[in-house]
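What the coordinates show
So you can see what is in the structure, the chains are spelled out below.
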Amino acid sequence: MKKILKKYIKQIIVIALLLIICDFLVALPPYIVKQVVDIDFTKEDIIQTIIFLICIYTSIHLGRLIFKYIRDVLINTTICKILKDIRKTLFNKILDFKMITFNKYNSAELYTRLTEDVDNLFALFLGFLYSILSNILYIVFMIIMMFVANINLAIIGAITVVIISFIVYKFTKILGNLDNEMLKKRDKENKEFSELYNKSKLTYLFQLQNKNIDKMNSLLYSELKIRKKYIFIHHFPYWLIAMVQAIGIYLIMYYALNINTIISLGSIYLVLYYTKECKTPLEEICNQLEEMQTCLNSYKRIKVLLNETGAEHIDQGTYINNLNGDIVFQNVFMKYDKEMILKNISFTIKKGSKVTVVGRTGVGKTTLINILMKLYDIESGKILINNYDISTISTKCLRDNVSYISQNPYIFDDTLRNNITLGKKDITDKQINDLAKEIGVQNLFKRMPEGLDTEIKISELSYGELQIIAFIRAIIHKANIYIFDEPTSNMDLKTEKTIQNIIDKISKNSTVIIIAHRKSTIENSDEIIYLKDGKVDIILEQ
Ligand code: ATP
Ligand code: MG
């Protein structure tokens, strides 16, 4: 955040200067009125003095309008640029998250940070510059003017301003805490909405509507309770401020009328005017500080995200051209959280072989691949490819040379072509169509109204069809090592057979690792690694 603000330091300095000029020009006119009130009417050049003061008064107003216009344009354009940079940085930061950091947040939270929270920053910056800084400057100038007019009256006026400021500060803090509680509730509601949307099918099938409504009702009710408390406290400081101000004005009048020294009428007017006037900027600060609490909480939450460590620097490490060779696991331990999932795993997968990993549900098969793909870090041990420790190899190099089809077929809201090529220009339509024909799924492609240009709607395709698209994507991106995590679990026997034939063909020139439960897949392997209780139970060579 500091880095981004530093980039706009020149604009920020100019804005600060413009704020000072504008607020000085706003605070000045009553001082001119004081001069008019204090004119000595017995002097001969009275007309000249009045004309002079009117000219100054008009110039101040005109100057204020011009500076205000420049100030407003500069403030708004600068904030827009800063926010664009923040959103970009935030988006890049999230994309660079390691999986372990990603898992800490749910999608609704990340969505809120990028949208609502960044929008709140706009209000935060605007509110800070316009209502807080500008009003503080205005009050400072008013106090200075009071002291210029009369020190004793100014002391009473200044004390009144300080007491009002204290009230404003205290109540803002209380309201801020309540606001924070409301935000937390809102986060929970967002999460519920997002769950409801993502799992709508499940809700219908298991008739969870009533349960969801109850859950949401209780969330909304607890938010309403805090909101009521908020409204009650929110209106309290206004009459307290008005009372303090009335006492202040009374004391100024009392002092001015009961001392022996003569105080000019203009000075009394000026101090009274400023003491009364300070209420408006202080209330504005009060209102703004309340609103800013919401924005400030957004700022804090964005900061947490920006301060996340553990970014994935995919270019960090050595890039080995054409990375290929034996894959060796040496005494590898891995845990996501507290419990160790993989314990002392050691095996070798020979270059060019076809190996199947089997084991019961939840034993750690996908985890094994996750660490080979550097999606998660290992606790101890080593993973080597062609004798290179993968921790020293750049993630980019690894992922350029290893093609992975995950257990869940990830499909983007994009065209069929882009889902397969992932933007790689050298993959032609002919290659895609030929592969579809080879697998025997050309009908799936033909059914698409606009062929490869059809926008994929995940909800309108079967799981098996999604797996086929993901399979084509993995195969078409040429690699030295292919990993398939249950690639055919949802396919009919015929499609499965063709896919197995293609995998067999690939395995002639590449290393292939398959995670599978089906007997047919296991039978064709050169080697079978059995996992049990997070350990290698047995390795069978066929
Ligand atoms: P399946 O046959 O069902 O695909 P698997 O052998 O692939 O199972 P893994 O996905 O590797 O199993 O999971 C191994 C264990 O690690 C499980 O107990 C699972 O709950 C846990 N686990 C998996 N992913 C995470 C994660 N991101 N954070 C915490 N624990 C996880
Ligand atoms: Mg798995």
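Note that this is a predicted model, so its numbers are computed, not measured.

So, how was this worked out
Residues numbered from 1 in each chain as written. Chains lettered and ligands numbered in written order. Predicted model: local features only at pLDDT ≥ 70, side-chain atom pairs only at ≥ 80, totals over all residues. Heavy atoms only, no water. Domains from an automatic or database assignment. Contact = heavy atoms within 4.5 Å. Buried area = accessible area lost by both parts, 1.4 Å probe. Salt bridge = Lys/Arg side-chain N within 4 Å of Asp/Glu carboxyl O. Nonpolar A, V, L, I, M, F, W, Y, C, P; charged D, E, K, R; others polar. Donors = N, O, S within 2.8 Å, 3.2 Å for Na, K, Ca; no water. Helix = DSSP H or I, 4+ residues; strand = E, 2+ residues; numbered from the N terminus. Buried < 20%, exposed > 50% of the residue type's maximum accessible area, 1.4 Å probe, protein only. 1 Å grid on protein atoms, 1.4 Å probe; cavity = no way out; pocket = protein on both sides within 12 Å on 5 of 7 lines; lining within 4 Å. Points joined across faces, edges and corners; volume = space filled by probe spheres on them. Near = heavy atom within 4 Å. Polar contact = N/O pair within 3.5 Å; in protein donor to acceptor, adjacent residues only side chain to side chain. Areas by Shrake-Rupley, 256 points an atom, 1.4 Å probe, with all protein chains shown as cover. Expected span 1.5 Å × (residues − 1). Pairing = 2+ DSSP bridges.

1. Digging into the domain arrangement of the protein
When cut into domains, the protein gives domain 1 (2-306) and domain 2 (327-541). A straight line from the C-alpha centre of domain 1 to that of domain 2 covers 55 Å. Contact with domain 1, which involves four residues of that partner, is made by four residues of domain 2. By the criterion of area lost to domain 2, the three top residues of domain 1 are K98, M99 and I100, representing 88% of everything that side buries. Between K98 and D377 there is a salt bridge, with the nearest N and O atoms lying 3.1 Å from each other. Residue composition of the side of domain 1 that touches domain 2, by class: two nonpolar, one polar and one charged.

2. Considerations on the coordination of the magnesium ion (ligand 2)
Within the protein, the atoms that donate to the magnesium ion (ligand 2) are T366 (OG1) and Q407 (OE1), at distances of 1.9 to 2.3 Å. In this pair, T366 is assigned in helix 13 (residues 365-372) and Q407 in the loop between strand 6 (402-405) and helix 15 (416-421), connecting sequence segments 41 residues apart. The exposure class assigned to T366 is partly exposed, which follows from its relative accessible area of 24%. Note on Q407: relative accessible area 33%, which makes it partly exposed.

3. Digging into the layout of surface pockets
When its volume is computed, the largest pocket comes out at roughly 2000 Å³. Lining the largest pocket are 39 residues, with M99, L375, R399, Y410 and F412 positioned closest to its centre. Looking at the lining of the largest pocket, the elements with two or more residues in it are helix 4 (46-96), helix 5 (99-102), helix 13, helix 14 (395-401), strand 6 and helix 18 (463-476). Of the residues in the lining of the largest pocket, the class split is 19 nonpolar, eleven polar and nine charged. A domain-level breakdown of the lining of the largest pocket finds at least three residues from each of domain 1 (2-306) and domain 2 (327-541). Along its surface, the second largest pocket is lined by 20 residues, and Y197, N198, K201, I458 and S459 are the ones closest to its centre. Of all the secondary structure elements, the ones that give two or more residues to the lining of the second largest pocket are helix 7 (151-198), helix 8 (200-205) and helix 18. No other element matches helix 8, which puts four residues into the lining of the second largest pocket. Its residues assigned to classes, the lining of the second largest pocket shows eleven nonpolar, five polar and four charged. Structurally, the lining of the second largest pocket is a two-domain feature, drawing no fewer than three residues from each of domain 1 (2-306) and domain 2 (327-541).

4. Side note on the site of ligand 1
Neighbouring ligand 1 are 15 residues, the closest being G362, K365, T366, T367 and Q407. For ligand 1, an oxygen atom lies 2.9 Å from a polar atom in the backbone of G364. In this structure, a nitrogen atom belonging to ligand 1 sits 3.4 Å away from a side-chain N or O atom of Y376. Calculation on ligand 1 without its partners gives an accessible area of 640 Å², and the protein chains cover 64% of this total. A per-element tally of the shell around ligand 1 places helix 13 first, with three residues.

5. Re helix 7
Residue pairs spaced three or four apart in an α-helix point in one direction, given the helix's 3.6 residues per turn. The end-to-end C-alpha distance of helix 7, which contains 48 residues, comes to 67 Å, matching closely the 70 Å that a straight helix rising 1.5 Å per residue would cover. At the N-terminal end of helix 7, a side-chain oxygen is found 3.0 Å from the backbone nitrogen of N152, two or three residues along, and the residue is N150.

6. A short note on the sheet that holds strand 4 (residues 380-385)
If you trace the four strands from one edge of the open sheet to the other, you get 2-1-4-5, paired in antiparallel fashion. This sheet does not close on itself; its edge strands, each paired only once, are strand 2 (340-349) and strand 5 (388-389). Bridge count between strand 1 (residues 327-335) and strand 2: six bridges; the pairing is antiparallel. If you follow I327 over to strand 2, its bridge partner there is I349.

7. Description of unusual backbone geometry
The phi dihedral of N344 is positive, around 55 degrees, even though this residue is not glycine. Checked against the element boundaries, N344 lands in strand 2. Positive phi values are uncommon outside glycine, yet D533 reaches one of about 50 degrees. Locating D533 in the fold gives a position in the loop between strand 9 (527-532) and strand 10 (535-541).

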